[in-house]
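Read off the chains here:
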Amino acid sequence: MDFENTKKKLEQYKREGKRMFASSSFQSHSIVLLHIISRIDKEIPIYFINTGFLFPETIAYKDQLAKEFGLNIINTKSDVPKSLQKDANGNLLFTSDPDHCCHINKVQPLDSVLADNDVWINGVRADQSAVRKAMEIEQAAPHDVIRFHPMLDWSKKDIYQYLKEWDLPRHPLEAQGYDSIGCEPCTRKMTIGDDRGSRWFGMKKTECGLNTDLVVKKK
């Protein structure tokens, strides 16, 4: 979906009185949607889920973009303290049960945000994973929320062309070989052909739960 169609859709939601928000992981690929939103309506809240395990560079990048784009960023995090995020052996969950770790630190915090809104602007792309390829531009989410995916048909090439056209700042870790950047313990540098395999390396896991748990499955 191009800029003009995205703008028309957001303006339509606004006319209908729908409460909108976006979420962002503040990666280099995330910046395109953030920039587009800033061009359309800077008042739209951008929820940043701070898992407590993010790279300090990601936090700094978030602060940089908030200032440069005039973003309305709202920080959110899990209500479960890290001292309780451990398995039976006392190890932090990301070492033994990353799905549960993601659920506590990402899914639960955003689920409460969904309950207070009508439209979730989400930057997923169909070329990122099989799960995302099966998604639609508008899709149902819990609490009768509409997931709106304006970037769904964008490719990596489209992303890089937009970054170049607008001369947008890049995540500082990208130059060090990181592509898909999440929590520090579960992210490694990308190798050739790796793509999202740089996340949760060695595990049968490609999604954090936001795009699997917070979707209403079709019957």
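Structure's up top.
This structure is a prediction, so every number in the text was calculated from the model and none was measured.

Draft legend 1. Spotlight on the overall build of the protein chain. Scanning the protein chain for helices and strands turns up 7 helices and 6 strands. Each helix and strand of the protein chain, ordered N terminal to C terminal, gives the series α-β-α-β-α-β-α-α-β-α-β-β-α. Relative to the compact-globule value of 17 Å for 219 residues, the protein chain shows a C-alpha radius of gyration of 17 Å, a close match. Oriented by its inertia axes, the alpha-carbon framework of the protein chain measures out at about 55 × 40 × 35 Å. Put simply, the protein chain has 219 residues, and 50% of those count as buried. Counting only contacts in the protein chain whose residues sit at least 6 apart along the sequence, the fraction spanning at least 24 positions is 70%. Accessible area for the protein chain stands at about 11100 Å²; split by element, carbon and sulfur atoms hold 51% of it. Taking the 32 positively charged and 31 negatively charged side chains of the protein chain as two groups, their mean positions are separated by 1 Å.

Draft legend 2. Spotlight on the packing of helix H2 (residues 30-40) against helix H3 (residues 56-69). As a packed pair, H2 and H3 sit with axes 11 Å apart at the nearest point and diverge in direction by 25 degrees. With respect to each other, H2 and H3 are oriented roughly parallel. Helix-helix and strand crossings are classified by hand; for H2 and H3 the assignment is right-handed. Taken together, the residues of H3 that come into contact with H2 (itself represented by Ile 31, Leu 34, His 35 and Ser 38) are Tyr 61, Leu 65 and Phe 69.

Draft legend 3. Structural detail: the layout of surface pockets. Considered as a void within the structure, the largest pocket measures approximately 840 Å³ in volume. Lining the largest pocket are 46 residues, with Ser 25, Gln 27, Ser 30, Lys 106 and Arg 132 sitting closest to its centre. Sorting the residues of the lining of the largest pocket by element identifies strand S1 (20-23), H2, strand S2 (45-49), helix H5 (98-114) and helix H7 (156-166) as the ones contributing at least two each. When residues of the lining of the largest pocket are assigned to their parent elements, the largest contribution, 4 residues, is made by H5. Looking at the lining of the largest pocket residue by residue, the class counts come to 22 nonpolar, 15 polar and 9 charged.

Draft legend 4. Here's a closer look at H2. Most of H2 sits inside the fold, with 10 of its 11 residues counted as buried. For H2, the full list of buried residues reads Ser 30, Ile 31, Val 32, Leu 33, Leu 34, His 35, Ile 36, Ile 37, Ser 38 and Ile 40. Buried residues in H2 make contact with helix H1 (3-15), S1, S2, H3, strand S4 (119-121) and H7.

Draft legend 5. Fine view of the side chain of Ser 24. Here Ser 24 shows up in the loop between S1 and H2. Setting aside chain neighbours within four positions, we find Ser 24 in contact with Ser 30, Leu 34, Ile 46, Tyr 47 and Phe 48.

Draft legend 6. Region of the structure containing the sheet that holds S2. Reading across the sheet, the 6 strands line up as S3-S2-S1-S4-S6-S5 and stay open at both edges, with mixed pairing between neighbours. Strand pairing shows two members of the sheet lacking a second neighbour, strand S3 (72-76) and strand S5 (138-141), which therefore form its edges. Each adjacent strand pair in this sheet contributes to an overall mean axis angle of 30 degrees, direction not counted. As defined by bridge partners, S5 adjoins strand S6 (residues 145-148) across 4 bridges and the pair is classed as antiparallel. By the bridge assignment, Glu 138 is partnered in S6 with Phe 148. The strands touched by H1 are S1, S4, S5 and S6; relative to S6, the strand with the most contacts, the crossing angle is about 165 degrees.

Draft legend 7. Looking closely at the environment of Glu 207. Summarising the element assignment, Glu 207 is placed in the segment after H7. Take Glu 207: its relative accessible area is 8%, and that puts it in the buried class. Taking C-alpha positions, Glu 207 is 9.6 Å from Arg 132, a pair spaced 75 residues apart along the chain.

Draft legend 8. Quick peek at the pairing of S1. Every second residue of S1 is oriented toward a common face, with Met 20 and Ala 22 on one face and Phe 21 and Ser 23 on the other, all of them buried. Bridge count between S1 and S4: 3 bridges; the pairing is parallel. In the sheet register, Met 20 faces S4, and the bridge partner there is Val 119. Pairing analysis gives 2 bridges linking S1 to S2, with the strands arranged parallel. Residue pairing in the sheet places Ser 23 in a bridge with Tyr 47 of S2.

Scoring rules and cut-offs
- Residues numbered from 1 in each chain as written.
- Predicted model: local features only at pLDDT ≥ 70, side-chain atom pairs only at ≥ 80, totals over all residues.
- Heavy atoms only, no water.
- Helix = DSSP H or I, 4+ residues; strand = E, 2+ residues; numbered from the N terminus.
- Rg over C-alpha atoms; globule rule 2.2 N^0.38 Å.
- Buried < 20%, exposed > 50% of the residue type's maximum accessible area, 1.4 Å probe, protein only.
- Contact = heavy atoms within 4.5 Å.
- Areas by Shrake-Rupley, 256 points an atom, 1.4 Å probe, with all protein chains shown as cover.
- Lys, Arg positive; Asp, Glu negative; His and termini not counted.
- Charge placed at Lys NZ, Arg CZ, Asp CG, Glu CD.
- Axes fitted to C-alpha atoms, helices over the stretch in contact; angles between N-to-C directions.
- Parallel < 35°, antiparallel > 145°, perpendicular 65-115°, else oblique.
- Left-handed = near helix turned anticlockwise from the far one by under 90°.
- 1 Å grid on protein atoms, 1.4 Å probe; cavity = no way out; pocket = protein on both sides within 12 Å on 5 of 7 lines; lining within 4 Å.
- Points joined across faces, edges and corners; volume = space filled by probe spheres on them.
- Nonpolar A, V, L, I, M, F, W, Y, C, P; charged D, E, K, R; others polar.
- Pairing = 2+ DSSP bridges.

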